[in-house]
Amino acid sequence: AQLDTLDLIVLVALLVGSVAYFTKGTYWAVPKDPYASSAAANGAAKSGKTRDVVEKMEETGKNCVIFYGSQTGTAEDYASRLAKEGSQRFGLKTMVADIEDYDYENLDKFPEDKIAFFVLATYGEGEPTDNAVEFYQFFTGEDVAFESGAGADDSPLSSLKYVAFGLGNNTYEHYNAMVRQVDTALSKLGAQRIGSAGEGDDGAGTMEEDFLAWKEPMWTALSDAMGLQEREAVYEPVFNVNEDESASPEDDSVYLGEPTAAHRQGQPKGPYSAHNPYVAPIVESYELFTVKDRNCLHMEINIGGSNLSYQTGDHIAIWPTNAGAEVDRFLQVFGLEDKRDSVINIKGIDVTAKVPIPSPTTYDAAIRYYMEVCAPVSRQFVSSLAAFAPDEQSKAEIVRLGNDKDYFHEKITNHCYNIAQALQSITSKTFTAVPFSLLIEGLNKLQPRYYSISSSSLVQKDKISITAVVESVRLPGASHMVKGVTTNYLLALKQKQNGDPSPDPHGLTYSITGPRNKYDGIHVPVHVRHSNFKLPSDPSKPIIMVGPGTGVAPFRGFIQERAALAAKGEKVGTTLLFFGCRKSDEDFLYKEEFKTFQEQMGDSLKIITAFSREGSEKVYVQHRLKENASLVSDLLKQKANFYVCGDAANMAREVNLVLGHIIAEQRGMPAERGEEMVKHMRSSGSYQEDVW
Ligand code: FAD
């Protein structure tokens with residue numbers, strides 16, 4: 001058949017597309033590094049981007065690679081800390097590696113005298129982090145085959161020595177599944193683990209201490225295996241931080257908080273992603289409730305024209321800005337106040353060091369936009385500041401804090417201090433001697449926070465709603481309120497949008513208009529993360545949703561969607577929501593809106609509420625679930641999907657248990673069968689969780 005011009009264009013486009021797809025990462029760079037242009041200035045890019053880790057280690061003279069699979073930055077931070085310790089205490093030549101930056105097919109050629117660390121977080125339901133998906137699939141897949149042709153039966157990894165640490169949360173069913181499965185797979189392939197496979201538990205709040213307790217025996221085992229000699233650790237900076245007096249913060253080349261070079265140059269282009277956020281206008285914002293010091297925000301974020309899209313049930317990430325009050329505190333504590341607007345260049349000293357902050361920048365911008373300065377403090381990091389304490393007395397106190405876990409808990413953790421507050425609690429003197437490199441090394445990159453989208457893409461495809469409770473908590477024993485970074489920033493944006501010329505929630509103050517005023521007119525950088533938390537494609541299928549508090553967020557989207565379908569005359573199945581809050585007239589989110597949806601959906605929408613502070617006894621969603629056992633069971637028999645959203649620590653777990661009981665009881669089965677049925681529902685996708 002004859003091909004006309006259009007066919008030809010389509011064919012060529014397809015061909016180019018396929019070539020590009022299959023050569024991804026080989027012939028063209030996958031745009032991943034948000035600071036690619038600044039990285040080019042340091043050695044990382046200069047040394048060439050090989051995906052062969054053996055070659056890379058050879059080239060750079062390394063004998064220890066620390067791979068990380070990280071979602072929120074903690075695993076990455078632990079990897080950096082291990083690299084530093086390995087180098088300073090044991091003279092290892094270490095490099096840190098994002099696990100997605102390298103291939104795995106040649107790990108069978110990993111030299112015997114070198115060591116690989118795997119620091120792997122488990123995400124959600126036992127899943128790998130986004131950057132570790134391919135690695136995970138490679139090692140846990142059916143037929144593992146290496147470049148040399150060796151397969152699983154030949155013990156292909158017999159020359160690979162490795163160390164493993166996992167970051168998990170015991171409130172999830174598949175606790176630390178990632179490290180466990182990878183450890184099993186590597187051992188099966190003949191690799192030799194050194195020390196025990198460590199497991200940190202975020203659920204019990206012991207992650208940091210688990211890590212510290214695991215690493216000492218690991219270092220001993222590794223020293224034995226590799227014949228390492230421990231030496232007195234002397235701090236060696238990872239980054240060169242130079243103040244450039246000839247540069248001005250007004251120079252176009254200076255990052256003043258922009259996420260990428262394109263944002264700095266003023267023309268950020270798509271595609272927008274986790275490495276390239278879209279600076280989106282907030283078109284509407286209001287409070288869903290305000291009581292004493294609790295409040296909850298509803299915001300509408302416009303993604304029209306950005307080419308970003310979402311589906312009902314997805315997540316949106318908000319890129320926050322630190323509060324001015326905390327930026328000032330940090331600058332003051334480290335004696336940087338007078339230099340806040342000085343331009344600094346940050347370069348990795350070693351070619352493998354990745355600079356987490358784009359540069360040149362200023363101290364102010366680095367702290368405000370790029371560093372997680374408000375987070376809880378690690379004992380190891382505090383300990384590393386001892387050498388730079390302003391006097392002997394504070395040095396002695398820091399050493400004691402570093403060595404005594406219980407004392408550290410009493411004095412720092414229990415007070416919920418961030419790093420600057422912690423140091424202020426030790427002395428009023430400033431820590432001017434602390435190298436800025438050490439602060440970059442010891443603190444995480446400022447992380448975007450995720451929110452379950454609370455709108456339906458069918459109803460408002462260009463507008464994403466979020467429902468966020470403002471974090472303002474006094475933890476037991478703490479001497480001050482912990483103010484959440486992102487939610488208080490959003491609160492300030494909301495105040496500004498609603499007419500407050502200088503919003504100042506709780507005296508925090510924010511740079512509302514962003515770097516170079518680029519966020520003026522109420523904008524915020526965002527990206528969308530697709531999730532598996534999805535409505536059934538057939539709307540006539542019944543659904544059961546359990547979402548107390550802000551856990552109702554995605555269900556507002558689900559109901560909005562089903563109400564719209566019902567209004568169009570489509571058949572919509574029973575839509576059952578269990579919602580819980582404190583009081584019906586206090587924090588009942590979307591109460592009025594639900595009435596409108598009810599009118600559109602009639603009997604197919606059922607909302608069952610649990611108010612924990614109204615009666616003499618506390619009633620929660622799981623109690624209501626139990627009371628409605630036969631309704632729930634009937635809907636499950638009609639193949640209802642079951643969804644849970646919100647608090648992972650308690651609620652989601654209880655709901656899981658109660659559902660098992662309901663199924664067992666209603667169908668006259670033993671309790672274990674009920675549990676098994678829930679497990680089966682999970683694996684088949686009819687039980688879905690969106691919990692945090
Ligand atoms: P952060 O600054 O991150 O602080 C969070 C908490 O950490 C504080 O409340 C405190 O308990 C602790 N903390 C912080 N600093 C310290 C310190 N120095 N010492 C001790 N403790 C400290 N939230 C919603 O409101 N709505 C949603 O729809 C929603 N959906 C989510 C979906 C997903 C997939 C995930 C992962 C999370 C979701 N969250 C949601 C939670 C949200 O991402 C944020 O974690 C939350 O809003 C708090 O962010 P923040 O920056 O304000 O607080």
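Keep in mind it's a predicted model, so treat the numbers as computed, not measured.

About the cut-offs
Residues numbered from 1 in each chain as written. Predicted model: local features only at pLDDT ≥ 70, side-chain atom pairs only at ≥ 80, totals over all residues. Heavy atoms only, no water. Helix = DSSP H or I, 4+ residues; strand = E, 2+ residues; numbered from the N terminus. Contact = heavy atoms within 4.5 Å. Areas by Shrake-Rupley, 256 points an atom, 1.4 Å probe, with all protein chains shown as cover. Buried < 20%, exposed > 50% of the residue type's maximum accessible area, 1.4 Å probe, protein only. Domains from an automatic or database assignment. Buried area = accessible area lost by both parts, 1.4 Å probe. Salt bridge = Lys/Arg side-chain N within 4 Å of Asp/Glu carboxyl O. Nonpolar A, V, L, I, M, F, W, Y, C, P; charged D, E, K, R; others polar. Pairing = 2+ DSSP bridges. Axes fitted to C-alpha atoms, helices over the stretch in contact; angles between N-to-C directions. Near = heavy atom within 4 Å. Polar contact = N/O pair within 3.5 Å; in protein donor to acceptor, adjacent residues only side chain to side chain.

**Structural notes on the overall build of the protein chain**
- Tallying secondary structure elements over the protein chain gives 23 helices and 23 strands in all.
- Across its three principal axes, the protein chain shows a C-alpha extent of roughly 70 × 65 × 65 Å.
- Taking the contacts inside the protein chain whose residues are at least 6 apart along the sequence as the reference set, 77% of them involve residues at least 24 apart.
- Taken as a whole, the protein chain presents about 30500 Å² of accessible surface, with 49% of it coming from carbon and sulfur.

**Let's talk about unusual backbone geometry**
- Backbone torsion omega between G270 and P271 reads 0°, so that peptide bond is classified as cis.
- Turning to its location among the elements, P271 is positioned in the loop between helix 9 (261-265) and strand 9 (278-291).
- Looking along the chain, the bond that leaves S359 and enters P360 is cis, with omega of 5°.
- With respect to the element layout, P360 can be found in the loop between strand 12 (343-348) and strand 13 (361-362).
- Of note, the phi angle at S155 is positive, near 50°, even though the residue is not glycine.
- Following the sequence through the fold, S155 ends up in the loop between helix 6 (133-140) and strand 5 (161-168).
- Residue S155 is classed as partly exposed on the basis of its relative accessible area, which comes to 34%.

**A word on the domain arrangement of the protein chain**
- Domain parsing of the protein chain yields domain 1 (36-226), domain 2 (281-320 + 454-529), domain 3 (323-442) and domain 4 (543-691).
- The C-alpha centroid of domain 4 is placed 27 Å from the C-alpha centroid of domain 2.
- Listed as interface residues are 22 residues of domain 2 and, on the opposing side, 15 residues of domain 4.
- Of the roughly 1500 Å² buried between domain 2 and domain 4 on both sides combined, carbon and sulfur atoms contribute 60%.
- Contact with domain 4 buries area across many residues of domain 2, yet R294, S454 and L458 alone supply 30% of it, more than any other trio.
- The tally of links between domain 2 and domain 4 comes to one salt bridge.
- Those elements that place two or more of their residues in the side of domain 2 that touches domain 4 are strand 9, strand 10 (294-302) and strand 15 (463-469).
- For the side of domain 2 that touches domain 4, the class distribution of residues is nine nonpolar, 11 polar and two charged.

**Structural notes on the sheet that holds strand 11 (residues 315-318)**
- Judged by pairing direction, the sheet is antiparallel, and its six strands sit side by side in the order 14-11-18-9-10-15 without closing on themselves. Two strands lie at the open edges of the sheet, namely strand 14 (449-452) and strand 15, each paired on one side alone. With direction set aside, neighbouring strand axes in the sheet form an average angle of 40°.
- Relative to strand 14, strand 11 runs antiparallel, the two sharing four bridges. Paired with I316 across the strands is Y451, a residue of strand 14.

**Structural notes on the site of the ligand**
- Taken together, 26 residues lie near the ligand, and Y450, Y451, E471, T486 and T487 sit nearest.
- A distance of 2.7 Å separates an oxygen atom of the ligand from a polar atom in the side chain of Y451.
- Contact distances for the ligand include 2.4 Å between an oxygen atom and a side-chain N or O atom of E471.
- With the chains in place, 81% of the 970 Å² that the ligand exposes on its own is no longer accessible.
- Within the residue set of the shell around the ligand, elements represented by two or more residues are strand 14, strand 15 and helix 17 (485-497).
- Residues that form the shell around the ligand fall into these classes: 15 nonpolar, eight polar and three charged.

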